[in-house]
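Structural description and commentary
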Amino acid sequence: MTQAGQLLAAGISAQGPILFSRFMDVALYDPEHGYYRRARREQGADPFGVHGDFYTATQLQPVFGRLIAAQCAQWRRQLGAGDEFHVVEWGAGRGEMAEHLQAFQYCAVDVDGGTPPAEFEGVVFCNELFDALPVDAVRVRRGEARMMRVDHHNGRFVWIEGEPLTGPWLPYATKLSARVAELREEEEVWLELPVHLQSLLERMTQPLTRGFVLAIDYGYTEREIIRFPRGTLMAYRRHQALDDVLLNPGEQDITAHVPFTHLEHCAQSLGLVTAPLCSLTQLLMSAGEHDQFAAALEASDEASSLQLRMQLKSLLFGLGETFRCLVMERRRE
Ligand SMILES: C[S@@+](CC[C@H](N)C(=O)[O-])C[C@H]1O[C@@H](n2cnc3c(N)ncnc32)[C@H](O)[C@@H]1O
């Protein structure tokens, strides 16, 4: 069993079956054995890129970084801001964006460090942060929503049905599951509860006095939930998507699609003004259109020029259609 697995099994044996958010938190972020924590210490445990488990748009450098920098520069001009314009990146991972955001006061934040300024004007940026946040799992059957817990039997982690869902998440689960049931004849519906989204967004945006928040991720709107009657939990290992999120904790990534309608509500409740959700392709097209992508594609020789054009193509026609962008604005009171 993995070391994170041993930790989880010991916790379950002492206190009983655990909520999925606890399982995901230990599997990904245990300071010693969590998937993202190990990656920063152990050689060969890096989850990103060709030898890892997945690619993100951030690995398509320099084109992605240059276009995000162009978008930030556009916002700086729009606000008439000067040199004290900050870009704070949350969930910065390997820090590949740093080089491209040097024209701003740049700060990278991740679970192991990075301190944003106490107050700033500028941009809060995150790419694939929210899909990596621990969520709870709920199963709705014949109109009754119950928490799903994780137990440990014969060396394996297994799902078991827990207590009925009560409290503030009940209307959320009822509304979404009713939507699925109304349009599909599903016996049961699985859903995730994004229990940490609001508090993280609040931490990220509290110091922002004026400016924009750009969240890039994959996910669904309330209307699109119909596509996911079994929920959206997914594990990734060696570029393969796996359904069993309970296998090998600490050694595979676990993600949940981002519920964008809920993210919009969280943003609005924090006083942010949300723009209509758009695709990453739309955002990058708008960031590159002023010079027809000339700066993003600037290269010193033909081989690198070809590589940059391939990156742009992957961003606009591959990842760009899968990923969505939510832009949220903090206006001056
Ligand atoms: C899927 S990775 C994306 C990394 C990078 N943004 C990219 O696009 O390659 C998610 C990152 O979010 C970080 N993360 C998760 N929860 C966080 C939190 N509460 N605060 C800051 N970073 C967090 C993880 O440690 C991880 O580096």
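Structural notes, computed from the coordinates. (Residues numbered from 1 in each chain as written. Predicted model: local features only at pLDDT ≥ 70, side-chain atom pairs only at ≥ 80, totals over all residues. Heavy atoms only, no water.)

1. Observations regarding the site of the ligand
Of all residues adjacent to the ligand, which total 18 residues, the nearest are Thr 56, Thr 58, Gly 91, Asp 110 and Asn 127. In the environment of the ligand, a nitrogen atom lies 2.7 Å from a nitrogen or oxygen atom belonging to the backbone of Gly 91. Within the contact set of the ligand, an oxygen atom lies 2.7 Å away from a side-chain nitrogen or oxygen of Asn 127. Considering the ligand on its own, with 590 Å² of exposed area, one finds that the protein chains cover 95% of that surface. Classifying every residue of the shell around the ligand gives nine nonpolar, six polar and three charged. (Near = heavy atom within 4 Å. Polar contact = N/O pair within 3.5 Å; in protein donor to acceptor, adjacent residues only side chain to side chain. Areas by Shrake-Rupley, 256 points an atom, 1.4 Å probe, with all protein chains shown as cover. Nonpolar A, V, L, I, M, F, W, Y, C, P; charged D, E, K, R; others polar.)

2. What to know about the pattern of salt bridges
As enumerated under the stated definition, the model contains 14 salt bridges in all. Of the charged contacts, one joins Glu 188 and Arg 141 as a salt bridge, the two residues approaching to 2.9 Å between their closest N and O atoms. Of this pair, Glu 188 sits in strand β8 (residues 188-193) while Arg 141 sits in strand β5 (residues 136-141), and the two are 47 residues apart along the sequence. Overlapping salt bridges bring together Arg 139, Glu 144, Arg 146 and Glu 161 as one network. (Salt bridge = Lys/Arg side-chain N within 4 Å of Asp/Glu carboxyl O. Helix = DSSP H or I, 4+ residues; strand = E, 2+ residues; numbered from the N terminus.)

3. A look at the side chain of Asp 136
With respect to the secondary-structure elements, Asp 136 resides in strand β5. Within the structure, Asp 136 has its side chain in polar contact with the side chain of Ser 21 (distance 2.7 Å). Among residues more than four places away in sequence, those in contact with Asp 136 are Leu 19, Phe 20, Ser 21, Met 147, Leu 191, Glu 192, Leu 193 and Val 195. (Contact = heavy atoms within 4.5 Å.)

4. Quick look at the environment of Arg 223
Along the chain, Arg 223 falls in the loop between β10 (219-220) and β11 (234-237). Arg 223 sits 47 residues away from Leu 176 along the chain, and the two C-alpha atoms are 8.8 Å apart.

5. Some points on the sheet that holds strand β12 (residues 240-242)
Spatial strand order, β12-β11-β13: three strands in an open sheet with antiparallel pairing. Since the sheet does not close on itself, it has two edges, and those belong to β12 and β13 (253-255), each with one partner. Averaged over all neighbouring strand pairs, the angle between strand axes comes to 30 degrees, with direction disregarded. In the sheet, β11 pairs with β12 via three bridges, with the strands oriented antiparallel. The residue of β12 that forms the bridge with Tyr 236 is Ala 241. (Pairing = 2+ DSSP bridges. Axes fitted to C-alpha atoms, helices over the stretch in contact; angles between N-to-C directions.)

6. Examining the pairing of β5
Burial within β5 is extensive, with five of its six residues counted as buried. Note that β5 and β8 share six bridges and pair antiparallel. Bridge pairing links Val 138 to Leu 191 in β8. One ladder, built from five bridges, connects β5 with strand β6 (residues 144-153); its direction is antiparallel. (Buried < 20%, exposed > 50% of the residue type's maximum accessible area, 1.4 Å probe, protein only.)

7. Regarding the nonpolar core
Ranked by size, the top nonpolar core spans 36 residues in total, and within it Phe 64, Ile 68, Phe 125, Leu 214 and Ile 216 carry the most contacts. Mapped by element, the contributors of at least two residues to this core are α4 (63-79), β2 (85-90), β4 (120-127), β9 (208-217), α8 (280-288), α9 (302-322) and β17 (324-330). Ignoring sequence-local partners within four residues, the contact set of Ile 216 consists of Phe 64, Ile 68, Phe 125, Cys 126, Asn 127, Glu 128, Leu 280, Phe 323, Arg 324 and Cys 325. In terms of nonpolar packing, the next biggest core, distinct from the first, is built from 28 residues, Met 24, Leu 28, Phe 54 and Ile 254 among them. (Core = buried A, V, L, I, M, F, W, Y, C linked by side-chain atoms within 4.5 Å.)

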